[in-house]
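Chain and residue survey
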Amino acid sequence: FGIHALLVVTVTLSPVPAAAQSENDVTGEDVYPPLWDLAPENLLDFPVKDNKIVIRAWNYQDRLGVYKSLLSASAKYFDTFGPQNSGNILWGLPLQHGWQFRTGRLADPSGVTSCGYENGELLCQSVRSWWSCMNYYLSIIPFLGAVEAGLFGQLPYEIEILPPEEQKDDFCYSVKDCWSRMPKLMDDWKAFFEVNDFLKISVSSASLSSFKLDDALGLMWKAHTSSIAYALPKFHDSLKYLSDPEANFGEDWANAVDFIAATHFSTDLVTTNDFQAFLPQRMLVKGDVLPSISDFSPEQNKVLVSLRALHKANKLTGGLLLKLWQKAMSTEAGRKKGRELIESLPVS
């Protein structure tokens, strides 16, 4: 298969991209996750109790603060890739989480509690939310990997992650705890944050920086897909709280990440915002039938249809489709072509 044929077979991963934002246009509030300004920016902005920095991982603002501290601590490594830290490839994580919050995907889908709802505890993230549980492995685990890698230097206190009220055994709560329970996953994230050591050296040379950025993206996506692969079976039962269309979309999204990851797709501020523009802006409910969900744009309907078809095709081939795509993306030139196709192939 050629790269173009593969992308056609996958029924297109992306719609027509939104109009590119100016590099200087990175200050508008709408480009940042909801409540970004209110989130803690540094680890010492979190409360300290019993000589431990305490993070409420099931509070949206605290989890957002984890991301903000990661972006702040790593900003110096991405100075040459965009103004105001906009070129930092960690933006994809908080922006996805912000989209989940804005669309109600972090609230209690069982309706048993008021967790995550405006008339209840708005900033609460429900442990019954499949999205919130999956995101734990894309927020707290990367964060603890960064702590272990020394991104924050020598901290004066230990880190303590507060557990949820239910399903406590499904998560880990400190560097030591996570290393003992999921060493491979922690090692993947630690390896990504250590890549910044040579990224820092390379930024003085324009010819080297793009190659090193590709290396960094490769390590980040490796850790990202490892997190999803680890969490998917663990939280499969949580899909029962969702409508069938939403549950299908969640699994389709997880499958698509593997294809996007293979291209080392850039997850900077502008690119991620452009890419997210066509994601569904509310939870899918019973009665939503693709490709004609009336309050979704044609592009949003098309994305959902494409992700569904991609997932079905990959399952039908026993994962061969993904392996072929990954092989096509095994060189830097192939990945560049893959990214260009994902960004620009029109919706047919």
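Residues numbered from 1 in each chain as written. Predicted model: local features only at pLDDT ≥ 70, side-chain atom pairs only at ≥ 80, totals over all residues. Heavy atoms only, no water.

**Concerning the overall build of the protein**
- On a plain count of helices and strands, the protein comes out with 14 helices and three strands.
- Per-residue burial over the protein gives 54% buried out of 348 residues.
- Restricting the contact set of the protein to residue pairs at least 6 apart, pairs at least 24 apart contribute 73%.
- For the protein, the accessible area works out to roughly 15500 Å², and carbon and sulfur atoms hold 54% of it. (Helix = DSSP H or I, 4+ residues; strand = E, 2+ residues; numbered from the N terminus. Buried < 20%, exposed > 50% of the residue type's maximum accessible area, 1.4 Å probe, protein only. Contact = heavy atoms within 4.5 Å. Areas by Shrake-Rupley, 256 points an atom, 1.4 Å probe, with all protein chains shown as cover.)

**With respect to helix α10 (residues 244-262)**
- When the terminal C-alpha atoms of α10 are compared, their 28 Å separation across 19 residues agrees well with the 27 Å that a helix rising 1.5 Å per residue should span.
- Backbone geometry just downstream of α10 places His 264 in the positive-phi region, at approximately 55°. (Expected span 1.5 Å × (residues − 1).)

**Some words on the packing of aromatic side chains**
- Applying the stated criterion across every chain, the model contains 23 aromatic pairs.
- With centroids separated by 5.0 Å and ring planes inclined at 85°, the aromatic side chains of Trp 130 and Trp 131 adopt a geometry described as edge-to-face. The same class applies to Trp 130 as to Trp 131, namely buried.
- Ring centres 5.4 Å apart and planes at 20° place the aromatic pair Phe 171 and Phe 235 in the stacked group. Of the two residues, Phe 171 is situated in the loop between β3 (158-162) and α6 (175-181) and Phe 235 in the loop between α9 (206-234) and α10; the sequence distance between them amounts to 64 residues. (Phe/Tyr/Trp six-rings, centres within 6.5 Å; stacked < 30°, edge-to-face > 60°.)

**Some remarks on the sheet that holds strand β1 (residues 48-49)**
- Taken together, three strands build an open sheet; the order of strands is β1-β2-β3 and the sheet is mixed. Two strands close off the open sheet at either side, each with one partner strand: β1 and β3.
- Docked against the sheet, helix α5 (residues 140-149) engages β2 (52-56) and β3, running at close to 170° with respect to β3. (Pairing = 2+ DSSP bridges. Axes fitted to C-alpha atoms, helices over the stretch in contact; angles between N-to-C directions.)

**Observations regarding the confidence of the model for the protein**
- Per-residue pLDDT for the protein has a mean of 88; in total, 86% of the residues score no lower than 70.
- Counted against residues more than four places away or in other chains, residues 10-27, with its pLDDT under 50, gives 51 contacts. (pLDDT = per-residue confidence, 0-100.)

**Re the nonpolar core**
- One finds Tyr 136, Ile 141, Phe 143 and Trp 189 to be the most contacted residues of the largest nonpolar core, which totals 95 residues.
- Here the element with the most residues in this core is α10; it accounts for ten residues.
- Here this core spans two domains, since at least three of its residues come from each of domain 1 (41-197 + 210-239) and domain 2 (242-347).
- If we skip the residues at most four places from it in the chain, Phe 143 touches Leu 43, Ile 55, Val 66, Ser 69, Leu 70, Phe 152, Ile 159 and Ile 161. (Core = buried A, V, L, I, M, F, W, Y, C linked by side-chain atoms within 4.5 Å. Domains from an automatic or database assignment.)

**Re the side chain of Ser 266**
- Summarising the element assignment, Ser 266 is placed in the loop between α10 and α11 (269-276).
- In terms of polar contacts, Ser 266 uses its side chain to reach the side chain of Asp 268, at 2.7 Å.
- When sequence neighbours within four positions are dropped, the list of residues in contact with Ser 266 reads Ile 89, Leu 217, Thr 271, Thr 272 and Arg 339. (Polar contact = N/O pair within 3.5 Å; in protein donor to acceptor, adjacent residues only side chain to side chain.)

**Comments concerning the packing of helix α2 (residues 60-74) against helix α3 (residues 92-102)**
- Interhelical geometry of α2 versus α3 gives an angle of 160° and a closest axis separation of 10 Å. As far as their axial angle goes, α3 and α2 are roughly antiparallel. As for how α2 packs across α3, the hand of that crossing is left-handed. Two secondary-structure elements touch here, α2 through Tyr 60, Arg 63, Tyr 67 and Leu 71 and α3 through Leu 93, Pro 94, His 97, Gly 98 and Phe 101.
- Here the residues of the contact of α2 with α3 sort into six nonpolar, two polar and one charged. (Parallel < 35°, antiparallel > 145°, perpendicular 65-115°, else oblique. Left-handed = near helix turned anticlockwise from the far one by under 90°. Nonpolar A, V, L, I, M, F, W, Y, C, P; charged D, E, K, R; others polar.)

**What to know about the state of the cysteines**
- Taken as a whole and assessed by the stated rule, the structure comprises two disulfides.
- A sulfur-sulfur distance of 1.9 Å marks the disulfide that ties Cys 115 to Cys 124. Note on the Cys 115 and Cys 124 pair: the S-S dihedral is about -90°, so by sign convention the disulfide is left-handed.
- Note on Cys 115: relative accessible area 5%, which makes it buried.
- Sequential numbering of the bridged cysteines in the protein gives the disulfide pattern 1-2, 3-4. (Disulfide = S-S within 2.5 Å.)

**Focus on helix α12 (residues 298-316)**
- With 19 residues, α12 extends 27 Å between its outermost C-alpha atoms, agreeing within 8% with the 27 Å of an ideal straight helix rising 1.5 Å per residue.
- Those residues of α12 not exposed but buried are Gln 300, Asn 301, Lys 302, Val 303, Leu 304, Ser 306, Leu 307, Leu 310, His 311 and Asn 314.
- As for α12, its buried residues are in contact with α10 and α13 (320-328).
- Directly after α12, the chain includes Gly 318, whose backbone phi takes a positive value near 65°.

**Here's the deal with the pairing of β3**
- Of the two faces of β3, only one is covered, namely that formed by Ile 159 and Ile 161; the face formed by Glu 158, Glu 160 and Leu 162 stays uncovered.
- When β2 meets β3, the two strands line up parallel, connected through five bridges. The partner of Ile 53 across the bridge, within β3, is Ile 159.

**Considering the packing of α2 against α5**
- Two elements in contact, α2 and α5, have axes separated by 10 Å at closest approach and are oriented at 40°. When the interaxial angle is binned, α2 and α5 end up oblique. Every pair of crossing elements has a handedness; the one defined by α2 and α5 is left-handed. Here Val 66, Ser 69 and Leu 70 of α2 come into contact with α5, specifically with Ile 140, Phe 143 and Ala 146.
- For the contact of α2 with α5, the per-class residue count stands at five nonpolar, one polar and no charged.

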